[in-house]
Amino acid sequence: MPEDAIEEYPLVTDDDIDPTFVQRVSATPGGEHLLDCYACGTCSASCPVRAIDDEFNPRRIIRMALLGLKDEVLQSDFIWFCTGCYICQERCPQDVRITELMMAFRNVATEEGYPHPTVAIIADTVAKHGIIMEIGEFENEKRVKAGLPPRNVPEDVHRGILESTGLTETLKKAKPRPTKDADGGDA
Amino acid sequence: MSKFKFALFLGCNAPVRTLNYDRATRVVLSKLDVEVVDQDEFACCGYPLESADHLTAITMGARNLAVAEREGLDILAICSACSGSLMRTRSMLIEDEELRKDVNERLAKMGLEFTGKSKVRHIMRFFHEDYGMEELKKHVVRPLDGVKVAVHYGCHYLKPSEIVGGPDNPEMPHTVDELVDLTGAESVDYTERLLCCGGAILGYRERDSQLLIAKKMQSILDVEADCMEMHCAFCGVMYDGNQKAAERIADKKFKVPVLPYTQLLGLAMGLDPYEDLGFKLNRVKAKDLLAKLEEVGSES
Ligand code: SF4
Ligand code: SF4
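Residues numbered from 1 in each chain as written. Chains lettered and ligands numbered in written order. Predicted model: local features only at pLDDT ≥ 70, side-chain atom pairs only at ≥ 80, totals over all residues. Heavy atoms only, no water.

**Student:** With reference to specific residues and values, describe the nonpolar core.
**Tutor:** Formed by 99 residues in total, the largest nonpolar core has its most connected members in Leu32(B), Phe126(B), Phe127(B), Leu136(B), Tyr261(B) and Leu265(B). Element by element, the count of residues in this core is highest for helix H3 (residues 54–71) of chain B, at 7 residues. A domain-level breakdown of this core finds at least three residues from each of domain 1 (4–122) and domain 2 (141–299) of chain B. If we skip the residues at most four places from it in the chain, Leu32(B) touches Phe127(B), Tyr131(B), Leu136(B), His139(B), Leu265(B) and Met269(B). Formed by 52 residues, the second largest nonpolar core is a distinct cluster that contains Phe21(A), Cys43(A), Phe56(A) and Met133(A). (Core = buried A, V, L, I, M, F, W, Y, C linked by side-chain atoms within 4.5 Å. Buried < 20%, exposed > 50% of the residue type's maximum accessible area, 1.4 Å probe, protein only. Helix = DSSP H or I, 4+ residues; strand = E, 2+ residues; numbered from the N terminus. Domains from an automatic or database assignment. Contact = heavy atoms within 4.5 Å.)

Laid out in structure tokens, this is it:
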């Protein structure tokens, strides 16, 4: 292997591996079919994000998870790059249900204290306003001017749900995310 | 009394960021004698929080579905992320008794219950399957002859196919092409016709989402379409609202007008682009397209 490849793909050691990770993901909604992957690469070949972004590769993420590279997967940015387009899920010959699996990785990452910062912003806005943005007087004036009825979502309409599932609490306990080195080479 | 009555589900984006779509849809539906009712209590469908916590997202979706049930109405959605998410949530809750019990205990505190009574319809599936192509065609009084349209199916209108796909094959869908052709316009094929809008990673990997828009726009320019068609508020935010950002990243002007299907249909129904169909609110102006229609109109 050329030297730069060794640097980019350092050897995996026992310390990097958490043998319980596969079970953990498989027990999370969406992650049930993780073990069925036989690494054919159909997902990566179909993926629109893979086509434009070298840091994202669904087959590779699945391999990493199957190896038990828990920290590397959960603390990564790349598990948040999937657009949820479902192409891979439709085409996967093993019915791994990859789109849902990507959601499962994110759910586990959130539980373990590594939610993407955007998640906290969305959760906060949804708890306050019921939707992912605020509709105030200004927005409603614009609506009325456009011949539309004002939209008045009652405050806090979803807040109880986020609290009852524990999401609000979980997000409060988020840990600092590992920062990437300057060249962004954590993929 | 109108034959169809729905609870209109706007979701998060339509009421603030795609007012043109909201407007055109209401006017067109009213002309078609389809009654829609607004529900203040409808809020986020749950999709944006699927990434954070499955149960939270499901319960949010269930609450919306339960509100529709209370009103005794089916849901009509104009955002594919919403319709997709609500349909998946509904089918999970119907199939999984344990999950349903858990969710219903949470809803009970809000005086609501999910039973599965109310169905969820995406507006395009409603046009295609319920209102019916024949019936719809009767309303076309001003065919959009000579207009070339690049349709954007979008992901959650088609997939997961077993839940939302209807008669479409996700690799080779046809319903939207048929609905566009019905207006007299021509749906033209293009390479990136099935490409995702990238909306779901706008807040996570902005650059990629812009690259995806740019790729789509270039592909539409390549076939010289007059406009892009869309039927999802989030896709509208991406292609209309963020087209400028994509132009910057691609260092190229696209200027592709992005028309909600109901604007196209409304034009074909003879409605006024500005008075009725909210064209003033389109970010990328459709002036050339409207002028072209005027010309065709005055020739005939
Ligand atoms: S398409 Fe399915 S089986 Fe093939 S690599 Fe991807 S997840 Fe694994
Ligand atoms: S669902 Fe995600 S991983 Fe699968 S093809 Fe789409 S973007 Fe790629």
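That shown, we press on.
**Student:** Please give an account of the site of ligand 2 that cites residues and values.
**Tutor:** Near ligand 2 you find Cys47(A), Pro48(A), Val49(A), Phe56(A), Pro58(A), Cys82(A), Thr83(A), Gly84(A), Cys85(A), Tyr86(A), Cys88(A) and Thr99(A), and these make up its full shell. Of the residues contributing to the shell around ligand 2, the split by class is 9 nonpolar, 3 polar and no charged. (Near = heavy atom within 4 Å. Nonpolar A, V, L, I, M, F, W, Y, C, P; charged D, E, K, R; others polar.)

**Student:** Got a sec to walk through the sheet that holds strand E7 (residues 227–230) of chain B? Specific residues and values, please.
**Tutor:** Residue and element names in this part refer to chain B. The sheet built from 4 strands is open, its strands ordered E6-E5-E7-E8 with parallel pairing. Across the chains shown, the open sheet's two edge strands, defined by having one partner strand only, are strand E6 (186–187) and strand E8 (258–260). By the bridge criterion, 2 bridges tie strand E5 (residues 148–151) to E6 in an arrangement that is parallel. In the sheet register, lysine 148 faces E6, and the bridge partner there is glutamate 186. Relative to the sheet, helix H12 (residues 261–268) contacts E5, E7 and E8, its axis offset from that of E8 by approximately 75°. (Pairing = 2+ DSSP bridges. Axes fitted to C-alpha atoms, helices over the stretch in contact; angles between N-to-C directions.)

**Student:** Which residues make up the domain arrangement of chain B, and what are the values?
**Tutor:** Residues and elements named next belong to chain B. The domain architecture assigned to chain B consists of domain 1 (4–122) and domain 2 (141–299). Put simply, the middle of domain 1 and the middle of domain 2, counted by C-alpha atoms, are 24 Å apart. Facing the 25 residues of domain 1 at the interface are 28 residues of domain 2. Summed over both partners, the interface of domain 1 with domain 2 buries about 2,200 Å², with 72% contributed by carbon and sulfur atoms. When the buried surface of domain 1 facing domain 2 is broken down by residue, Asn20, Tyr21 and Val28 rank first, second and third, together holding 24% of it. Linking domain 1 with domain 2 are 0 salt bridges, by the criterion used here. Here domain 1 and domain 2 share 7 residue pairs in polar contact (both at pLDDT 80 or more) between them. Elements with a contribution of two residues or more to the side of domain 1 that touches domain 2: helix H1 (14–17), helix H2 (19–31) and helix H4 (80–95). Ranked by the residues each element gives to the side of domain 1 that touches domain 2, the list is headed by H2, at 9 residues. (Buried area = accessible area lost by both parts, 1.4 Å probe. Salt bridge = Lys/Arg side-chain N within 4 Å of Asp/Glu carboxyl O. Polar contact = N/O pair within 3.5 Å; in protein donor to acceptor, adjacent residues only side chain to side chain.)

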